Amino acid sequence: MREIEKINHTGEVPVMEPQRQFYFMDLAKQYVTQISRKKGRPLTFHVTTFGCQMNARDSEKLCGILETVGFEEADSEEADFVIYNTCTVRENANNKVYGRLGYLSGFKKKNKDMMIALCGCMMQEPEVVEKLKQSYRFVDLVFGTHNIFKFAELLVRCFEEQKMVIDIWDDTKEIVEELPVERKYSFKSGVNIMFGCNNFCSYCIVPYVRGRERSRKPQDIIREIEKLVADGVVEVMLLGQNVNSYGKNLDTPVTFAQLLQEVEKIEGLERIRFMTSHPKDLSDELIEVMKNSKKICRHLHLPLQSGSSRVLKEMNRHYDKEHYLALVEKIKKAMPDLAITTDIIVGFPGETEEDFLETMDVVRQVEYDSAFTFIYSKRTGTPAAKMENQIPEDVIKDRFDRLLKLVQDISAKKAGALTGSVQDVLIEELDEQQEGLVTGRLSNNSVVHLPGDVSMIGTIVPVHLKECKGFYYMGEVAE
């Protein structure tokens, strides 16, 4: 147990956010300083992120607060404070976290001052919290998706109460702005434009753990992006479970297309990406704005999930095969150079061979640049988990393999369309495989490797695409 001298709180604790959290950040910093002096070294932290880009952005916020209160980031989990930001889209993700916790308990036995925190979607499940209380008492802090902004306050409670702190909210309408963020990349950043989801797809746990849709005010989004650009960011990724329904719950409704037009006006911003788009809400207005934009990247992720209208109805997706294909045709007509990627689930309960062939038919017609293919995973707490006619594993594997081959064949056929041309590439990192090369991305999200050095990272350079190697290009800076 940590030996901490309790710090007297001075003055009234602010009620309003974010002032309240800055008050607790100051208190937390005093505790961190006290422990650091006793140890004779700075305290360290390590955050492990499971799941989607929404979680990755949340982790950047956690890192920002930890650095503000005096922690230094460590490369490994042998740190003074370890946080697992969890995902619960698939049940095996939960098991992975439990396994990692067992691994952490060994570190905690060696370091009595070590703290362990769990947050994210998995913590919104009551049975998970109950299991932690029963079997993982060495965890110090448990909080969910709705109150991540309270992290500094919860951290102070951990220091002062010296016992497991659990703070889970069922839902919230609150959005707290202006808290510290430590970005992973200096030149690009995710930006939350909304939180939660109202769609309730029958296989998906997200609405239950992320809550109902709530949109940030457009002026707050614009102000955040302007600050990011002033700090060197050239590309933003606008994030939401369904960006196409952005703005519907605002006092003065704003469409996603209108928000994009305002983001486009920000001087110094070079590229705009967004995800994820739900087909049922993708408007003609958005297609027109994308078509005429100089900054929106030529890439659209448009989840299909299934090509069978019958299965789509069971999935509660609110569109059918014909609607999806008509939408893709409209998009391609407006933007022939657009790369389209997708998500597909194989083996949804009751899926017949005929249903699966409908999916294959859509893949052939659309000719996706790439696709994320998933085997259906029964998710406790979703309607689909209670459905009869769960598909046998051998049938699912056969269908999955056939789908994957088709997707890869089409991707290989489409790859290399830009060979010989000069395209702008955002250089993102040193090549992990070969010294002397850097790696970047085209507007359409294709990967490019080319000769270069660390000074090029974060810059957009014209690159001659010399050769396509299947799923990436080899290039060189254009003369």
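Bear in mind the structure is a predicted one, so any value in this text is a computation, not a measurement.

So, the packing of helix α8 (residues 256–264) against helix α9 (residues 284–292)
Okay, step 1: Contact geometry for α8 and α9: axes closest at 8 Å, N-to-C directions at 20°. If you check the angle between α8 and α9, you find them roughly parallel. Here α8 runs over α9; the crossing is left-handed. Counting all contacts with α8, which are made through Phe 256, Ala 257, Gln 258, Leu 260 and Gln 261, the residues of α9 involved are Glu 285, Leu 286 and Val 289.

Some points on a negative patch on the surface
Okay, step 1: On the surface, a cluster of negative charge is contributed by Glu 67, Glu 72, Glu 73, Asp 75 and Glu 182.
Okay, step 2: Structurally, the position occupied by Asp 75 is in the loop between β2 (72–73) and β3 (81–86).
Okay, step 3: According to the relative accessible area criterion, Asp 75 is exposed, its value standing at 80%.

Digging into the packing of helix α1 (residues 19–39) against helix α5 (residues 151–161)
Okay, step 1: For the pair α1 and α5, interaxial distance at closest approach is 8 Å and the crossing angle is 40°. On the basis of their axis angle, the class for α1 and α5 is oblique. Of the two elements, α1 crosses α5, and the hand of that crossing is left-handed. Across the interface between the two elements, Arg 20, Gln 21, Phe 24, Met 25, Leu 27, Ala 28, Tyr 31, Val 32 and Ile 35 from α1 touch Phe 151, Ala 152, Glu 153, Leu 155, Val 156, Phe 159 and Glu 160 from α5.
Okay, step 2: Here the contact of α1 with α5 is built from residues that sort into 12 nonpolar, one polar and three charged.

Let's talk about the nonpolar core
Okay, step 1: Within the largest apolar cluster, 70 residues are counted, with the highest numbers of intra-cluster contacts made by Ile 225, Leu 238, Phe 256 and Ile 331.
Okay, step 2: Sort the elements by how many residues they give to this core and helix α13 (residues 393–414) lands first, with six residues.
Okay, step 3: Listed in part, the 37 residues of the second largest apolar core include Leu 43, Phe 81, Met 115 and Leu 179.

Looking at the side chain of His 449
Okay, step 1: For His 449, the position within the fold is in strand β17 (residues 447–451).
Okay, step 2: For His 449, a relative accessible area of 15% corresponds to the buried category.
Okay, step 3: Among the polar contacts made by the side chain of His 449, one reaches the side chain of Asp 431 at a distance of 2.6 Å.
Okay, step 4: Within the local environment of His 449, its side chain forms a polar contact with the side chain of Thr 439, the two groups lying 2.9 Å apart.
Okay, step 5: Once residues lying within four places of it in the same chain are set aside, the contact partners of His 449 are Asp 431, Leu 437, Val 438, Thr 439, Tyr 472, Tyr 473, Met 474 and Gly 475.

Considerations on the environment of Arg 100
Okay, step 1: If you trace the backbone, Arg 100 turns up in helix α3 (residues 91–110).
Okay, step 2: Along the primary structure Arg 100 and Cys 87 are separated by 13 residues, whereas in three dimensions their C-alpha atoms are 14 Å apart.
Okay, step 3: If near-sequence neighbours (up to four positions away) are discounted, Arg 100 is found in contact with Thr 48, Phe 50, Glu 77 and Tyr 84.
Okay, step 4: Engagement of the side chain of Arg 100 in a polar contact is seen with the side chain of Glu 77, the distance being 3.0 Å.

A look at the UniProt feature "binding site: [4Fe-4S] cluster 2" (unreviewed entry) in the chain
Okay, step 1: The feature "binding site: [4Fe-4S] cluster 2" (unreviewed entry), as annotated in UniProt, sits at Cys 197, Cys 201 and Cys 204 in this numbering.
Okay, step 2: Structurally, Cys 197 is set in the loop between β8 (194–195) and α6 (206–210).
Okay, step 3: Classification of Cys 197 as buried rests on a relative accessible area of 8%.
Okay, step 4: Residues within four places of Cys 197 in sequence aside, it is in contact with Val 206, Pro 207, Gly 211, Arg 212, Glu 213 and Gln 241.
Okay, step 5: Tracing the backbone through its elements, the reader meets Cys 204 in the loop between β8 and α6.

What counts, and where the lines are drawn
Residues numbered from 1 in each chain as written. Predicted model: local features only at pLDDT ≥ 70, side-chain atom pairs only at ≥ 80, totals over all residues. Heavy atoms only, no water. Axes fitted to C-alpha atoms, helices over the stretch in contact; angles between N-to-C directions. Helix = DSSP H or I, 4+ residues; strand = E, 2+ residues; numbered from the N terminus. Parallel < 35°, antiparallel > 145°, perpendicular 65-115°, else oblique. Left-handed = near helix turned anticlockwise from the far one by under 90°. Contact = heavy atoms within 4.5 Å. Patch = residues over 30% accessible without salt bridge, like charges linked within 9 Å, V, L, I, M, F, W, Y side chains within 5 Å. Areas by Shrake-Rupley, 256 points an atom, 1.4 Å probe, with all protein chains shown as cover. Salt bridge = Lys/Arg side-chain N within 4 Å of Asp/Glu carboxyl O. Lys, Arg positive; Asp, Glu negative; His and termini not counted. Charge placed at Lys NZ, Arg CZ, Asp CG, Glu CD. Buried < 20%, exposed > 50% of the residue type's maximum accessible area, 1.4 Å probe, protein only. Nonpolar A, V, L, I, M, F, W, Y, C, P; charged D, E, K, R; others polar. Core = buried A, V, L, I, M, F, W, Y, C linked by side-chain atoms within 4.5 Å. Polar contact = N/O pair within 3.5 Å; in protein donor to acceptor, adjacent residues only side chain to side chain. UniProt positions renumbered as here; feature names shortened; annotations may be inferred.

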